[in-house]
Amino acid sequence: MNVSNNDRYSKLLTCACQYYHLNRSFDIYEIDELSSPMIFSIRKPTILLPAQNQYTDQELIFIFRHEVGHFYYHHLLYHFGVELFSIVYWWNPLNKYIKKQIDTLLEMSIDHSFSSSADETIAYLNCLLKVKKQSAQQQLFPKLNSSLSMNNLQESMLEKRFQLLTHSQKRQHFLSVFVVVISVSIYLFSYYFTLRGVSTPSEAKNNEIFTLTNENSYGISNGDGTYDLYLYGEYIETVDSLMGYDYVPIYNSLEDVPQN
């Protein structure tokens, strides 16, 4: 249900936009069975909220600041670009890991904006916990490729977000850089290795590999467009084209073959 004209939502969303000095309208929808707030659509950004969410005004401001922040910092474009990249390189087994790490970094970059004071950080962490508890219910709403949700991360990732918010800014920067370097390195190094079966062809094991030359082979024309090929005087096969056999001498009959 479109609730963009809801006075409460409209007022709180305006406060969130003012934080980024952003003059932009966002559509707001309440969706049944949606477990976590999210933002989607690059062209026309829309914020989705769980229906009957019972968020307080402060929690809604945090949520709107979080989702508007994804739009303000172009995270939706980054997320969409990663999806396109994973489609092109669909065979890379590290795609899922890289996408998860990118989501983690995008969420953490927004979380960092709520660390201006201890009171704000604690209130924001409580908001994340409430969102996580609500998302414990079965999520029936499909996740969109062009969306970013406050609950995109698993429990282990949520724990990392809490740790980063409760540690010093220097440590936050170090861990963020560390995650980026490790993720990119693993992804790039994966292209240096190719998993494939190693075996020797059965023909090589049985010494059945041979090469046709103008000295050890010849062909006999059958008159119907086909040719019998011989190797060392022994018949090997009949072909209907001489493509690839240009160097093999062709005769009209076995009697025409020179005797060595």
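Provided above is the structure to which this section pertains.
Predicted, not measured: the structure shown is a model, and the values here were computed from it. (Residues numbered from 1 in each chain as written. Predicted model: local features only at pLDDT ≥ 70, side-chain atom pairs only at ≥ 80, totals over all residues. Heavy atoms only, no water.)

On to the overall build of the protein, then. Across its full length, the protein holds 8 helices and 8 strands. Sorting the 260 residues of the protein into buried and exposed places 39% on the buried side. Within the protein, contacts between residues at least 6 apart in sequence are counted, and of these 62% link residues at least 24 apart. Approximately 16,400 Å² of the protein is accessible, and the part contributed by carbon and sulfur atoms is 55%. (Helix = DSSP H or I, 4+ residues; strand = E, 2+ residues; numbered from the N terminus. Buried < 20%, exposed > 50% of the residue type's maximum accessible area, 1.4 Å probe, protein only. Contact = heavy atoms within 4.5 Å. Areas by Shrake-Rupley, 256 points an atom, 1.4 Å probe, with all protein chains shown as cover.)

This structure, assessed with the given rule, holds 14 aromatic pairs. An angle of 5 degrees between the planes, with centres 3.9 Å apart, marks the rings of phenylalanine 114 and tyrosine 124 as stacked. With a gap of 10 residues between them, phenylalanine 114 in the loop between helix H4 (95-111) and helix H5 (118-135) and tyrosine 124 in helix H5 connect regions that are remote in the sequence. When sorted by exposure, phenylalanine 114 lands in the same class as tyrosine 124, which is buried. The interplanar angle of 10 degrees and the centroid separation of 5.3 Å between the aromatic rings of tyrosine 218 and tyrosine 230 together place this pair among those described as stacked. (Phe/Tyr/Trp six-rings, centres within 6.5 Å; stacked < 30°, edge-to-face > 60°.)

What follows is about the sheet that holds strand E6 (residues 227-231). Spatially, the 4 strands line up as an open sheet ordered E7-E6-E5-E8, and their pairing is mixed. Across the chains shown, the open sheet's two edge strands, defined by having one partner strand only, are strand E7 (234-239) and strand E8 (250-251). Sheet topology note: the E6/E7 ladder contains 5 bridges and is antiparallel. Counterpart to tyrosine 227 in the pairing with E7 is valine 239. (Pairing = 2+ DSSP bridges.)

Moving on, we come to H4. Over its 17 residues, H4 runs 24 Å from end to end, which matches the ideal 24 Å to within 8%, given 1.5 Å per residue. Those residues of H4 not exposed but buried are Asn95, Ile98, Gln101, Asp103, Thr104, Leu105, Leu106, Glu107, Met108, Ile110 and Asp111. (Expected span 1.5 Å × (residues − 1).)

This brings us to the pairing of strand E3 (residues 46-50). Among the 5 residues that make up E3, 5 are buried, leaving the element largely enclosed by the rest of the structure. Side chains Thr46, Leu48 and Pro50 of E3 all project onto a buried face; the interleaved residues Ile47 and Leu49 project onto the opposite face, where all are buried too. Sheet analysis places strand E1 (residues 27-31) next to E3, joined by 5 bridges and oriented parallel. Among the inter-strand pairings, aspartate 27 is bridged to a residue of E3, identified as threonine 46. Note that strand E2 (residues 38-40) and E3 share 3 bridges and pair antiparallel. When the sheet's bridge partners are listed, isoleucine 39 is paired in E3 with isoleucine 47. In this antiparallel pair of consecutive strands, E2 and E3, the connection spans 5 residues, and serine 41 shows a positive phi of 80 degrees.

On the surface, a nonpolar cluster with roughly 550 Å² of combined accessible area is contributed by Ile42, Leu77, Tyr78, Phe80, Leu84 and Ile87. As for its position among the elements, isoleucine 42 is in the loop between E2 and E3. Under the relative-accessibility criterion, isoleucine 42 is labelled partly exposed at 32%. (Patch = residues over 30% accessible without salt bridge, like charges linked within 9 Å, V, L, I, M, F, W, Y side chains within 5 Å. Salt bridge = Lys/Arg side-chain N within 4 Å of Asp/Glu carboxyl O.)

With that settled, the discussion passes to helix H1 (residues 7-19). Along its 13 residues, H1 runs 19 Å from first to last C-alpha, staying within 8% of the 18 Å computed at 1.5 Å per residue. When H1 is considered as a whole, its buried residues turn out to be Tyr9, Leu12, Leu13, Ala16 and Cys17. The arc enclosing the buried residues of H1, seen along the axis, measures out at 145 degrees, which places them on a common side. Along H1, exposed side chains directed more than 90 degrees from the buried face belong to Asp7, Lys11 and Gln18. Residues of H1 that are buried sit in contact with E1, E3 and helix H2 (57-72). Where H1 starts, the residue carrying a side-chain oxygen 2.9 Å from the main-chain nitrogen of arginine 8 turns out to be asparagine 6. (Arc of directions from axis to C-beta. Polar contact = N/O pair within 3.5 Å; in protein donor to acceptor, adjacent residues only side chain to side chain.)

A few words on the environment of isoleucine 250. Along the chain, isoleucine 250 falls in strand E8. Spatially, the C-alpha atoms of isoleucine 250 and glycine 219 are 4.5 Å apart, while their sequence positions differ by 31 residues. Residue contacts for isoleucine 250: discarding those within four places in its chain leaves Gly219, Ser221, Tyr227 and Leu242.

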